[in-house]
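# Remarks on the overall topology
What follows is each chain in one-letter form.
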Amino acid sequence: MMYSIVDAEFKGNRKGKTILFNNMEIRNHYQYFGLWYARDGSDNTLITTEIYSSNSEEPFKPADFTEEIKENAFKQAKRLAIDLSKRWTWVAARVDGENYCGLKAEAPMKGHLYVNYSTIKNKTSGFDLLNKGMFKGGEADFFKLCIEDFKSKEDYADTIMYVVMAKDLPPADWRVDHLCLGIQNVPVLVSKAIFPDDRIYSSWFGQNPLSNIKK
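In this text, all values refer to a predicted model and were calculated from it rather than measured experimentally.

As a further point, take the sheet that holds strand S7 (residues 88-95). Strand order in the open sheet formed by five strands is S1-S2-S7-S4-S5, and the pairing between neighbours is antiparallel. The open sheet is flanked by strand S1 (3-10) and strand S5 (67-69), the only strands paired with a single partner. The sheet shows a mean angle of 25° between the axes of neighbouring strands, direction not considered. Direction of pairing for S1 relative to strand S2 (residues 14-22): antiparallel, over a ladder of eight bridges.

Mean pLDDT over the protein chain stands at 95; residues scoring 70 or higher make up 99%. The least confident element of the protein chain is helix H2 (residues 71-77), whose mean pLDDT is 94; the most confident is strand S8 (residues 102-105), at 98.

Glancing now at the nonpolar core. Ile19, Phe21, Ile26, Phe33 and Leu35 are the most contacted members of the largest nonpolar core, which has 27 residues in total. Breaking this core down by element, the ones donating at least two residues are S2, strand S3 (32-40), strand S4 (47-54), S7, strand S10 (127-148) and strand S11 (159-166). Beyond its immediate chain neighbours, meaning those up to four positions away, Ile19 contacts Tyr3, Ser4, Ile5, Thr89, Trp90, Val91, Leu103, Phe143 and Leu145. Listed in part, the 24 residues of the second largest apolar core include Trp36, Val115, Tyr117 and Phe195.

Let us look at the packing of aromatic side chains. This model, assessed by the stated rule, comprises 17 aromatic pairs. Ring plane angle 50° and centroid distance 5.1 Å describe the contact between Phe135 and Trp174, whose orientation is recorded as tilted. Placement of the pair is Phe135 in strand S10 and Trp174 in the loop between S11 and strand S12 (182-183), with a sequence separation of 39 residues. Both residues of the pair, Phe135 and Trp174, count as buried. One aromatic cluster is present, built from ring pairs that chain together Tyr117, Phe135, Trp174, Phe195, Tyr201, Trp204 and Phe205. Across from the ring centre of Trp36, 3.7 Å away, lies the NZ or CZ of Arg79, which sits over that ring.

The class of Trp174 is buried, set by a relative accessible area of 1%. Placed 29 residues apart in sequence, Trp174 and Ser203 show a C-alpha to C-alpha distance of 9.3 Å. With sequence-adjacent residues up to four places away left out, Trp174 is seen in contact with Phe135, Phe195, Arg199, Tyr201, Ser202, Trp204, Gln207, Asn208 and Pro209.

Reading guide: rules and limits
Residues numbered from 1 in each chain as written. Predicted model: local features only at pLDDT ≥ 70, side-chain atom pairs only at ≥ 80, totals over all residues. Heavy atoms only, no water. Pairing = 2+ DSSP bridges. Helix = DSSP H or I, 4+ residues; strand = E, 2+ residues; numbered from the N terminus. Axes fitted to C-alpha atoms, helices over the stretch in contact; angles between N-to-C directions. pLDDT = per-residue confidence, 0-100. Core = buried A, V, L, I, M, F, W, Y, C linked by side-chain atoms within 4.5 Å. Buried < 20%, exposed > 50% of the residue type's maximum accessible area, 1.4 Å probe, protein only. Contact = heavy atoms within 4.5 Å. Phe/Tyr/Trp six-rings, centres within 6.5 Å; stacked < 30°, edge-to-face > 60°. Lys NZ or Arg CZ within 6 Å of the ring centre and 35° of its normal.

Okay, here's the thing in structure tokens:
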């Protein structure tokens, strides 16, 4: 299996849930693996996300996290790319300074990658817009990760994230940041990719930033 929600022990003899990812299996099928922040469902708590990683043969969670992301910072960044070079990744959530949260993974879904873009000609002062639109890519898989802080009604809606896994990414010479990747039916803000016209671009599903430029 690529992922499962498991019981875990944390520092201070605290117990809670974490979602364990088998990166070896994920990287056999996907090029990109990320955690995208979607919604804060509770004004009363701040959720801190902890990322643990390991290269051990078996999935034994390390005592120390690899990365810690406060909720306000995650709201700003929106996305975290998970390092697929490691064998295992665990994601846990806790109320800042308090208990660990409950986690629920909804059913996986499929969508299509897309990139909103503008092709421009840079000038000494500013730029000219040559073309804009949306490129459509291949399939991606995702699921909603629901977080429960146990501070009010138990609805697993205190924070909503999406786990996304995608292949057939735009070519490397497009230099597209993952903030510019959109996935159909994933309600996370997507930045626009900007393509200067003085570069050469490979095709992606028959599409190219230099095609159909307005004269």
